Amino acid sequence: MKNVAILGSGCSKCKVLEQRLQDLKAAHALDISVVKVTDLEQIISHGVMMTPGLVIDGQLKSVGTVPKDSQLLEWLKE
Amino acid sequence: MKEWMKFALLAVAFAIFYFAPIDAPIVLASISAGLSLLHEYARLHVLTCLVPAFFIAGTIAVYVKKEAVLQLLGPTTKKYIAYPIASVSGGILAVCSCTILPLFTGIYKRGAGIGPAVAFLFTGPAINITAILLTGSVLGWDFAISRLIAAMVISVVAGLFMAFLFKEHDRNNANGAFATGLGSDVEYSNTLILLFFLLQLAILVLFGLSIDPLFKAILIIAIIAVLLGIVFFKFQKEHNLAWLNETWDLTKKILPYLFVGVFVAGIIEVVVPQEVVTSLVGQNSLLANVIASTFGAFMYFATLTEVPIIQKLMGLGMGRGPALTLFLTGNALSLPSMIVLFKVMGKKQAPAYILTIMVLSVFAGWLFGEVI
């Protein structure tokens, strides 16, 4: 079970990233829980300023972009 | 939106339709003025200015290496580098207003500190590239350039002043994590990206030139051909898609509000009596600039809508000085943004920032009205 957090206050890329993750989860039957973090203080506490930030099991994976599906899958299956 | 709000909105709309004197000449004149200004914008500005501007903003969003810029706003950066970078980075980093607040909070709490953060916060909305381009297209390039320069200068002065007022703020910034981004994914040469950017800008500039239409058309088509060549043969598909996506995203976010704003601006021309405008902000007096500054600080303008509204206010006799003042405070401050500022900056710094911006804008507008 992996804990995935999307850091973002509601920009369009954040929504795209969330949708991608949900799609991947459904398509590959991944054992993950996806939460959205919208609180600015919490987002900044990860050092993220360019949203969306992607945190998997407490580790910051990407900032400011929507990673490719293949890259996302790789991280989620690690 | 909550259910009761939907109901309230519908009830208000119904009441307006029920009671409004639809046949009254002023109502008919307002609607017709609104529509005719929309017609003017559709004819003169949408294709020749806004569409290229959206593509340019999309290019900035995808291809500018934001990490490199952000790195220069970190806690250890020398102040004489951080301030100028902060004052221009608003136009590069924050293509959309929803990205300004996280960036500001990051610079403010973990990065270069309160001064550069304030400079960034002010120029973020003020030197947005689409706004400058539309200002130039509608009101003239002397106005657009003055708006740009005034915003940059004010941001640095305001930042320095805030840093001086709140010296104790930056003490604990130096040790916080300041992650800016993990690896840039753009793998093209800077020259190519710059060329791509400049060619798009060239299209916009060409549209504005008064040269032989045939020659103009040939040049524009040639540039578009080169751009398509870059897109198909140099750039990868995923980046092209991202570019189109960003452009479309901005268009969706801005254009509907702009159309509403243009319509409202058209109505202003009919409803607001000319004497009121000329007596309040007709002269380039200090008082006129204070009025413009205060109005701009509280009034909320959706991105770009300040342009048609100020255009029409100038048509009613608003002086050039107060107009520039209104440009400066109009975008940077509004009642909703003030509330957010109080939350992020606190009870002392937020009013200090707001007052500083208002005073500096008055001065800049007044100077512009006197000199140019």
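Residues numbered from 1 in each chain as written. Chains lettered and ligands numbered in written order. Predicted model: local features only at pLDDT ≥ 70, side-chain atom pairs only at ≥ 80, totals over all residues.

Draft legend 1. Here's a closer look at the overall build of chain B. In terms of regular secondary structure, chain B is built from 16 helices and 0 strands. Taking all 372 residues of chain B together, 41% fall into the buried category. Counting only contacts in chain B whose residues sit at least 6 apart along the sequence, the fraction spanning at least 24 positions is 85%. (Helix = DSSP H or I, 4+ residues; strand = E, 2+ residues; numbered from the N terminus. Buried ≥ 20, exposed ≤ 12 C-beta atoms within 10 Å, placed from the backbone. Contact = placed C-beta atoms within 7 Å.)

Draft legend 2. Expanded view of the environment of Ile92 of chain B. Residue and element names in this part refer to chain B. Mapping Ile92 onto the fold places it in helix α4 (residues 79-93). Between the C-alpha atom of Ile92 and that of Ala68, which follows or precedes it by 24 residues, the distance is 11 Å. Ignoring anything within four residues of it in the chain, the contact list for Ile92 reads Ile60, Val64 and Val69.

Draft legend 3. Quick peek at helix α14 (residues 306-315) of chain B. All names here are of chain B. Within α14, 7 of the 10 residues are buried, leaving the element largely enclosed by the surrounding structure. For α14, the set of buried residues is Glu306, Val307, Pro308, Ile310, Gln311, Lys312 and Leu313. If you follow the buried residues of α14, they end up packed against α2 (25-63), α7 (129-139), α11 (237-271), α12 (274-281) and α15 (320-332). Looking one or two places after α14, you find Gly317, whose phi comes out positive at around 115 degrees.

Draft legend 4. Broad picture of the sheet that holds strand β1 (residues 2-7) of chain A. All names here are of chain A. Taking strand neighbours across the sheet as the criterion, the 4 strands line up as β2-β1-β3-β4 in an open arrangement whose pairing is mixed. Both outer strands of the open sheet, β2 (32-37) and β4 (59-63), are each paired with one neighbouring strand and no more. The average undirected angle you get between the axes of adjacent strands in this sheet is 20 degrees. Pairing geometry for β1 and strand β3 (residues 53-56), over 4 bridges, is antiparallel. Considered in β3, the bridge of Ala5 is made with Val55. Set on the sheet, helix α1 (residues 12-28) makes contact with β1, β2 and β3; between it and β2 the angle comes to about 170 degrees. (Pairing = 2+ DSSP bridges. Axes fitted to C-alpha atoms, helices over the stretch in contact; angles between N-to-C directions.)

Draft legend 5. Representation of the environment of Met299 of chain B in the model. All names here are of chain B. Secondary-structure assignment places Met299 in the loop between α13 (286-298) and α14. When the 15 C-beta atoms within 10 Å are taken as the criterion, Met299 is described as partly exposed. Distance from Met299 to Asn331, taken between C-alpha atoms, is 9.0 Å for residues 32 residues apart in sequence. Non-local contacts of Met299, meaning those with residues more than four positions away in its chain, are made with Gly330 and Ser334.

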